[in-house]
Every structure is written in structure tokens, then in C-alpha cells.
Amino acid sequence: MPKTIAVGCIGLAALAATLGLALAVPAARAQTNGASTMPFADGSGKDGAAKSAVCSACHGPNGNSTNPEWPRLAGQSAVYIAEQLRLFRTGVRDNPVMQPQAAALSDKDIDDLAVYFEAQMPSGLEADPTYWQAGAALYRRGDRARNVPACVACHGPVGRGNLAAGYPVLQAQQSVYVAKQLNDYARGARYTGPNATQASRNGVMMFTIAKRLTPEEIRDVASYVQGMR
């Protein structure tokens, strides 16, 4: 299991400059498809617990998935979960399992589930000892020569993300799932439609970064975040 260390995060402005992007910090109550992206305004963890039973079939009890192909939702940012469920619901994020599940959810259902899963405790996983050290180096320092910023800048020193800005939690996430998402970003398939890179509030940044990673780097950093505590 890798040991994480505290690392000073670079500012978002510096990160955007590194990537050659215009910085756009989302408003706290920005709207997505007519619904607030702040699920705490209407969401109830108690109601979400009752509604989460169907989710547990894939995502595990309390959101701790044991299937490496399904993400862990326990402890994930409610803002991020709500955003992604709405993207699944509209088909912007295409998945044959999640799209029909999300299509049946109301805005209140989404907010309830998002608040519930954020309150759950993620259980630890182990990183592959062959790869995590290389992944730790990339996560903490990036690669300045190729304009690859450190993952820590947005996802935090122990992978807890940035809840207000919508950067997702990576701590103890399934490495197989993380690698697939990074590969989907790299090939432009994470979201669909004419404005796919801007579908998510932070999508354009990830589309840009993922294209600069090698397959080995994707594997390594995915292994590292799986072992984060």
C-alpha cells in the first residue's frame, strides 16, 4: 500500500496556464439541465439510503464496489455524482447500464443519492506493488517537460478531490475503472455530442491531460490511487 504525503497544490490559474486553457471556475450554484449542481440544497441522505438499494447491485454495499469495472461511490463528491448522473440521464455520458438507470431518476432522486453516497466511508484497497511508485511520482509531480500537471493539483494529496470545484475523489477507486476513464478521455469518448469536451465542468481539462499520458502512465497512476488511504 502506498503512503501518501502532503504536497503543496499549485493554483488553478497556474494549472490552466500549463494546459493552455482559459480558467473558468464554476459558480457555486451553476445550473445543469435546469437543475442546481449543489445537491445539498434538496438532497436527503436518509432518502438516498432507501433509494440506493438498486445501486448496490453494481456499486456494492454503501458504495464500496468489489467489481473492478464499477466505480466506488462511497465518499465521492455529491456535486460530482449529481453531475454525472444527469449526464447519464441525458445520454451525454453513454453507458448501456447507467443510462437507463439514470433515465428513471428525478432531480430529487439524484440529489438524495449524491448526498447519501458522499456520506459513506470508502474502504481501502491495495495498489499493485509493481506500478504504484511510478504512479505516485506522476500523481505528485506530473511531467513538466510534456505539460502534464500533477494530479495532486486538483485531486488533492490523498485523493480527496475538491468538493466545491467538482473535482472527484480518487482515493481507493478501482484501478481498472480509473484506467478505463483516462483512456476514454484520451480517445475523446468519455462524453458524447457536439460539445463533449465541455459537457462536464472540468471535462476540458481532463480531455487535454489524458491525451498526454502514455498507456503505462495511465496504468501506473490508476494503480496508485487505488491504494490511497
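See above for the structure.
Everything numeric here is computed off the predicted structure, so don't read it as measured data.

Colleague: How do you make sense of the overall build of the chain when you look at a structure like this?
Modeller: Helix and strand counts for the chain stand at 11 helices and two strands. Put simply, the chain runs from its N terminus to its C terminus through helices and strands in the order α-β-β-α-α-α-α-α-α-α-α-α-α. In the chain, once contacts between residues fewer than 6 apart in sequence are set aside, the share between residues at least 24 apart is 73%. Accessible area of the chain: about 10,700 Å², with a carbon and sulfur share of 56%.

Colleague: Explain the packing of helix H9 (residues 175-186) against helix H11 (residues 215-226) here, please?
Modeller: The relative placement of two packed helices is expressed as an angle between their axes plus a distance between the axes. Orientation of H9 relative to H11, taken along the N-to-C sense of each, is 140°, at an axis distance of 8 Å. Taken together, the axes of H9 and H11 are oblique relative to one another. The handedness of the crossing between H9 and H11 is right-handed. Where H9 approaches H11, its residues Ser-175, Val-178, Ala-179, Leu-182 and Asn-183 are matched on the opposing element by Ile-218, Val-221, Ala-222, Ser-223, Val-225 and Gln-226. The residue inventory of the contact of H9 with H11, partitioned by class, reads seven nonpolar, four polar and no charged.

Colleague: Honestly, the packing of aromatic side chains in this entry has me stumped. Any pointers?
Modeller: Per the stated rule, a full pass over the model turns up six aromatic pairs. Seen in terms of ring centroids, Trp-132 and Tyr-224 are 6.3 Å apart; in terms of plane orientation they differ by 20°. Their pairing is stacked. With Trp-132 in helix H7 (residues 132-141) and Tyr-224 in helix H11, this pair connects stretches of sequence that are 92 residues apart. Here Trp-132 and Tyr-224 have matching classes, each one buried. With centroids separated by 5.1 Å and ring planes inclined at 90°, the aromatic side chains of Tyr-185 and Phe-207 adopt a geometry described as edge-to-face. Of the two residues, Tyr-185 is situated in helix H9 and Phe-207 in helix H10 (residues 203-210); the sequence distance between them amounts to 22 residues. Here a set of aromatic residues connected by ring pairs shows up, and it is made of Trp-132, Tyr-139 and Tyr-224.

Colleague: What am I meant to see in the nonpolar core here?
Modeller: Among the nonpolar cores identified, the biggest contains 31 residues, and Tyr-139, Leu-182, Tyr-185, Tyr-191, Tyr-224 and Val-225 are the most heavily contacted of them. Elements supplying a minimum of two residues to this core: H7, helix H8 (152-155), H9, H10 and H11. If we skip the residues at most four places from it in the chain, Leu-182 touches Met-206, Ala-210, Ile-218 and Val-221. Core analysis: the second largest hydrophobic core is formed by 14 residues, Cys-55, Leu-73, Phe-88 and Ile-110 among them.

Conventions used here
- Residues numbered from 1 in each chain as written.
- Predicted model: local features only at pLDDT ≥ 70, side-chain atom pairs only at ≥ 80, totals over all residues.
- Heavy atoms only, no water.
- Helix = DSSP H or I, 4+ residues; strand = E, 2+ residues; numbered from the N terminus.
- Contact = heavy atoms within 4.5 Å.
- Areas by Shrake-Rupley, 256 points an atom, 1.4 Å probe, with all protein chains shown as cover.
- Axes fitted to C-alpha atoms, helices over the stretch in contact; angles between N-to-C directions.
- Parallel < 35°, antiparallel > 145°, perpendicular 65-115°, else oblique.
- Left-handed = near helix turned anticlockwise from the far one by under 90°.
- Nonpolar A, V, L, I, M, F, W, Y, C, P; charged D, E, K, R; others polar.
- Phe/Tyr/Trp six-rings, centres within 6.5 Å; stacked < 30°, edge-to-face > 60°.
- Buried < 20%, exposed > 50% of the residue type's maximum accessible area, 1.4 Å probe, protein only.
- Core = buried A, V, L, I, M, F, W, Y, C linked by side-chain atoms within 4.5 Å.

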